[in-house]
Amino acid sequence: ASLIQARGQLRKEARALERTFREQLNLGSDPVVRAVFAEDAAALVGNLIAFAGIALHQTTGSAILDGIAAILVGLLLGFVAFQLAKRNGDILIGGQAAAVLRRKIGIMISAQPGIMAVSELVVTFIGPRQAWVVARVAIDASLNGSSVEKLVRATENFLRSKSPVIVRVDIVPRGR
């Protein structure tokens, strides 16, 4: 039941962020839902492997197949634990967002009228479903000070409106 609920939550988040289920599983910033889904999926697969090992043991009389199944379950659990630690560690300690997400945000920023290029972009997860975007941008040289300020604020507001995950945006115009 919890696997189905976690899957539903991941699908809902994926639709809201215009991602596939797999992308959301890999790129999502909520370590809890990812852990629940991965642990429950591993438990089901592990049960199937254990069942196959026991059935083969009963059918053939060889305990070797049951032992191999037990080793496979252990390897599965170890793999899931390693993947969760690797992915969730980045989120929990403020790691960079995936390259796909950074590229998408960079494209949205550079598409704003008056922004010529994005020279630096850092997208950091500061908590579950909370990203901080910092970008240094080249701006149109013909813009005056107040126009630059309006452009920066409009770009920051645009990014926050495009994703509920983006909670803070700092756009820094690059000097001429």
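Refer to the structure above for everything that follows.
Residues numbered from 1 in each chain as written. Predicted model: local features only at pLDDT ≥ 70, side-chain atom pairs only at ≥ 80, totals over all residues. Heavy atoms only, no water.

Novice: Explanation requested: the overall build of the protein in the structure shown.
Specialist: In terms of helices and strands, the protein carries six helices and three strands. N-terminal to C-terminal, the α/β element order of the protein is α-α-α-α-α-β-β-α-β. The globule rule puts the C-alpha radius of gyration for 176 residues at 16 Å, and the 23 Å found for the protein is more than 25% above it. Summarising its shape, the C-alpha atoms of the protein cover approximately 85 × 25 × 20 Å along the three principal directions. For the protein, restricting intrachain contacts to residue pairs at least 6 apart in sequence, the fraction spanning at least 24 positions comes to 60%. About 10,500 Å² of surface is accessible on the protein, with carbon and sulfur atoms providing 62% of the total. Within the protein, the 13 negative side-chain charges are centred at a point lying 5 Å from the centre of the 21 positive side-chain charges. (Helix = DSSP H or I, 4+ residues; strand = E, 2+ residues; numbered from the N terminus. Rg over C-alpha atoms; globule rule 2.2 N^0.38 Å. Contact = heavy atoms within 4.5 Å. Areas by Shrake-Rupley, 256 points an atom, 1.4 Å probe, with all protein chains shown as cover. Lys, Arg positive; Asp, Glu negative; His and termini not counted. Charge placed at Lys NZ, Arg CZ, Asp CG, Glu CD.)

Novice: When you look at the pairing of strand β2 (residues 130-139) in this model, what are you seeing that I'm missing?
Specialist: In the case of a regular strand, side chains alternate between the two sheet surfaces. Looking at chain direction, strand β1 (residues 115-127) and β2 are connected through 10 bridges and run antiparallel. Bridge pairing in β2 places Thr124 opposite Trp132. Counted between consecutive antiparallel strands, the loop separating β1 from β2 contains two residues, among which Arg129 sits at a positive phi close to 55°. Pairing analysis gives seven bridges linking β2 to strand β3 (residues 166-173), with the strands arranged parallel. (Pairing = 2+ DSSP bridges.)

Novice: Got a minute to help me understand the environment of Ile115 in this structure?
Specialist: Take Ile115: it is sitting in strand β1. Sequence separation of Ile115 and Phe79 is 36 residues, and the distance between their C-alpha atoms is 44 Å. Other than its neighbours up to four places away in sequence, Ile115 contacts Ile109, Ser110, Val137, Ala138, Leu151 and Thr155.

Novice: Which parts of the structure should I look at to understand the packing of aromatic side chains?
Specialist: Each pair of aromatic rings is reported with the distance of its centres and the angle of its planes. Applying the stated criterion to the full structure yields one aromatic pair. Note on Phe21 and Phe37: the rings are 5.4 Å apart at their centroids and 70° apart in plane angle, and the pair reads as edge-to-face. Of this pair, Phe21 sits in helix α2 (residues 21-27) while Phe37 sits in helix α3 (residues 31-60), and the two are 16 residues apart along the sequence. With relative accessibility at 14%, the residue Phe37 sits in the buried group. (Phe/Tyr/Trp six-rings, centres within 6.5 Å; stacked < 30°, edge-to-face > 60°. Buried < 20%, exposed > 50% of the residue type's maximum accessible area, 1.4 Å probe, protein only.)

Novice: Would you mind showing me how to read helix α5 (residues 99-110) here?
Specialist: Along an α-helix, a turn takes 3.6 residues, which lines up residues three or four apart on a common side. The terminal C-alpha atoms of α5, which comprises 12 residues, lie 16 Å apart, in line with the 16 Å expected from a rise of 1.5 Å per residue. In this structure, the buried side of α5 is in contact with β1, β2, α6 (145-162) and β3. (Expected span 1.5 Å × (residues − 1).)

Novice: Looking at this structure, how should I read a nonpolar patch on the surface?
Specialist: Together, Leu56, Ile64, Leu65, Ile68, Ile71, Leu72 and Leu75 line one region of the surface with nonpolar side chains, adding up to about 650 Å² of accessible area. Sort the elements by how many residues they give to the nonpolar patch and helix α4 (residues 63-92) lands first, with six residues. As for its position among the elements, Ile68 is in helix α4. The exposure class of Ile68 is partly exposed, given its relative accessible area of 44%. (Patch = residues over 30% accessible without salt bridge, like charges linked within 9 Å, V, L, I, M, F, W, Y side chains within 5 Å. Salt bridge = Lys/Arg side-chain N within 4 Å of Asp/Glu carboxyl O.)

Novice: Would you mind showing me how to read the nonpolar core here?
Specialist: Generally speaking, a soluble globular protein has its nonpolar side chains buried in company with each other. Residues Ile105, Ile109, Val133, Val137, Leu159 and Ile171 are the most contacted members of the largest nonpolar core, which totals 22 residues. Broken down by secondary-structure element, the contributors of at least two residues to this core are α5, β1, β2, α6 and β3. The greatest single-element share of this core, amounting to five residues, is contributed by β2. Every residue in contact with Val137, bar those within four places of it in the chain, is listed here: Ile109, Ile115, Ala117, Val118, Ser119, Ile171, Val172, Pro173 and Arg174. (Core = buried A, V, L, I, M, F, W, Y, C linked by side-chain atoms within 4.5 Å.)

Novice: Hey, could you run me through α6 in this one?
Specialist: With 18 residues, α6 should cover 26 Å at 1.5 Å per step; its first-to-last C-alpha distance of 26 Å lies within 8% of that length. Packing partners of the buried residues in α6 comprise α5, β1, β2 and β3.

Novice: Where do I start with the packing of α5 against α6 in this structure?
Specialist: Two quantities define a packed helix pair, namely the angle between the helix axes and the distance between the axes. Viewed as axis vectors pointing N to C, α5 and α6 meet at an angle of 140°, and their least axial separation amounts to 10 Å. As summarised for this structure, α5 and α6 are arranged oblique, according to the angle between their axes. Where α5 crosses over α6, the two elements pack in a sense that is right-handed. For the pair α5 and α6, contact is made by Ile105, Met108 and Ile109 and by Thr155, Phe158, Leu159 and Lys162, respectively. The class makeup of the residues in the contact of α5 with α6 is five nonpolar, one polar and one charged. (Axes fitted to C-alpha atoms, helices over the stretch in contact; angles between N-to-C directions. Parallel < 35°, antiparallel > 145°, perpendicular 65-115°, else oblique. Left-handed = near helix turned anticlockwise from the far one by under 90°. Nonpolar A, V, L, I, M, F, W, Y, C, P; charged D, E, K, R; others polar.)

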